[in-house]
Amino acid sequence: MSDVANSQTGITVAPVAGALGAEVSGVDLGAELGDAEVAAIREALLQHCVIFFRDQVFDTEAHKRLARRFGDIFVHPFFISDGDPEIVTIVREPGDTRIVGEDWHSDTQMMAEPPMGAILIALEVPEYGGDTLFANQYLAYEALSDGMKRMLDGLKAVNSDRLVAGPAAAERSASRATKARTDDGWRETANAHPVVRTHPETGRKALYVNHSYTIRFDGMSEDESRPLLDWLMDWGHRPEFTCRFRWRAGSVAFWDNRCSKHIAVDDIRDARRIMRRVQIAGDRPY
Ligand code: SIN
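Residues numbered from 1 in each chain as written. Predicted model: local features only at pLDDT ≥ 70, side-chain atom pairs only at ≥ 80, totals over all residues. Heavy atoms only, no water.

**A short note on the overall build of the protein chain**
When you go through the protein chain residue by residue, the secondary structure sums to six helices and 17 strands. When each of the 286 residues of the protein chain is scored for burial, the buried share is 53%. Of all intrachain contacts in the protein chain linking residues separated by at least 6 positions in sequence, the fraction that spans at least 24 positions is 81%. Counting only carbon and sulfur atoms, one obtains 48% of the accessible surface of the protein chain, whose full area is about 12,300 Å². (Helix = DSSP H or I, 4+ residues; strand = E, 2+ residues; numbered from the N terminus. Buried < 20%, exposed > 50% of the residue type's maximum accessible area, 1.4 Å probe, protein only. Contact = heavy atoms within 4.5 Å. Areas by Shrake-Rupley, 256 points an atom, 1.4 Å probe, with all protein chains shown as cover.)

**Points about the side chain of His63**
Secondary-structure assignment places His63 in helix H2 (residues 60-68). The buried category is assigned to His63, whose relative accessible area is 0%. A polar side-chain atom of His63 sits 3.0 Å from a polar atom in the side chain of Arg276. Beyond its immediate chain neighbours, meaning those up to four positions away, His63 contacts Phe58, Ile119, Ile121, Arg276, Arg277 and Val278. (Polar contact = N/O pair within 3.5 Å; in protein donor to acceptor, adjacent residues only side chain to side chain.)

**Quick look at unusual backbone geometry**
Leaving glycine aside, a negative phi is the common case for residues, and trans is the common case for peptide bonds. In this structure, Asp55 takes a positive phi of about 55 degrees despite not being glycine. Counting through the fold element by element, Asp55 comes out in the loop between strand S4 (50-53) and H2. In the Ramachandran plot, Arg269 falls in the positive-phi region, its phi being about 50 degrees despite a non-glycine side chain. Within the secondary structure, Arg269 is located in the loop between strand S16 (260-264) and strand S17 (273-280). A residue is classified by how much of its surface remains accessible, and Arg269, at 62% relative accessible area, is exposed.

**As for helix H6 (residues 222-235)**
What sets the pattern is the α-helix's 3.6 residues per turn: residues three or four places apart point alike. Taking 1.5 Å per residue as the helical rise, H6 with its 14 residues ought to reach 20 Å, and the 19 Å between its terminal C-alpha atoms agrees with that figure. Along its length, H6 shows its largest kink, about 35 degrees, at Leu228. Among all positions of H6, only Ser225, Leu229, Leu232, Met233 and Trp235 are buried. Where H6 is buried, its residues touch helix H3 (137-142), helix H4 (146-152), strand S12 (205-207), strand S13 (214-217) and S16. (Expected span 1.5 Å × (residues − 1). Bend = angle between axes of the 7 residues up to and from the residue.)

**Points about the sheet that holds strand S9 (residues 156-160)**
Judged by pairing direction, the sheet is antiparallel, and its three strands sit side by side in the order S10-S9-S13 without closing on themselves. The open sheet is flanked by strand S10 (190-194) and S13, the only strands paired with a single partner. Direction aside, neighbouring strands of the sheet carry axes that sit 30 degrees apart on average. Sheet topology places S9 next to S13; three bridges connect them, and they run antiparallel. (Pairing = 2+ DSSP bridges. Axes fitted to C-alpha atoms, helices over the stretch in contact; angles between N-to-C directions.)

**Thoughts on the packing of aromatic side chains**
On inspection of all chains with the given rule, the structure shows eight aromatic pairs. Chaining the aromatic ring pairs together yields one cluster made of Phe52, Phe134, Phe245, Trp247 and Trp255. In this structure, Lys149 is placed above the aromatic ring of Tyr141, and the distance from its NZ or CZ to the ring centre is 5.3 Å. Looking at Arg204, its charged tip hangs above the ring of Tyr138, at a distance of 4.0 Å from the centre. (Phe/Tyr/Trp six-rings, centres within 6.5 Å; stacked < 30°, edge-to-face > 60°. Lys NZ or Arg CZ within 6 Å of the ring centre and 35° of its normal.)

This is the structure in structure tokens:
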């Protein structure tokens, strides 16, 4: 596939893999974007599920202004913020043995209305390592057999944050610089969502289960759910559904949380990695 340039804005979109992901160039995300630029970025996001930008420089206020061009800001419910609840700073310090995003997931899927997307900028990254993988959940659904699609039709799954926050996540949180709430006042959030959701903008169907949040099928026990659920979750990140992004300082990833999953690769040993993320509110999956 070749680069596609938008004649009105000069924005160029170049796919990075067969499954999903495209690098977008010709735009300064720190500037006040015009409506045509926002429309071109949204179109690229809808088409490619995750889009990447290089050599960007913007502060927290510009980061939030950028996110607001795509919707309201989503405030993360369990990461402990360092002052501004609209910002999540993801820090990996030398010596950390756990990292944020270490399992395949879409963000905060246990919410009644999970975020539509997230914009993540790399502030400090090692020379190599610490990549992020993304997986296209439209393709994961479309590649299923007709029989499996029929079986999943109408099925819901319960999504909970109890694996990533609260008492069960205390060891995980204590082993890394970025902390989740594990205090006594924390309460589990759980919501049932369709196992196959329909994207509200593209109308396409996407597989919607993941390792960080999905605990069982609605109306079934965890034991009963486990075999098929595990199979579906692993199926969703087969290599042919994925792309891999190598970060540099100033690189940005903007993902559509409604049709993709992602995972941070924990391979950077004693290096520091600092990222800043703003999430954009979404709607109830159907
Ligand atoms: C996340 O899961 O949102 C973090 C991804 C990353 O740090 O690469």
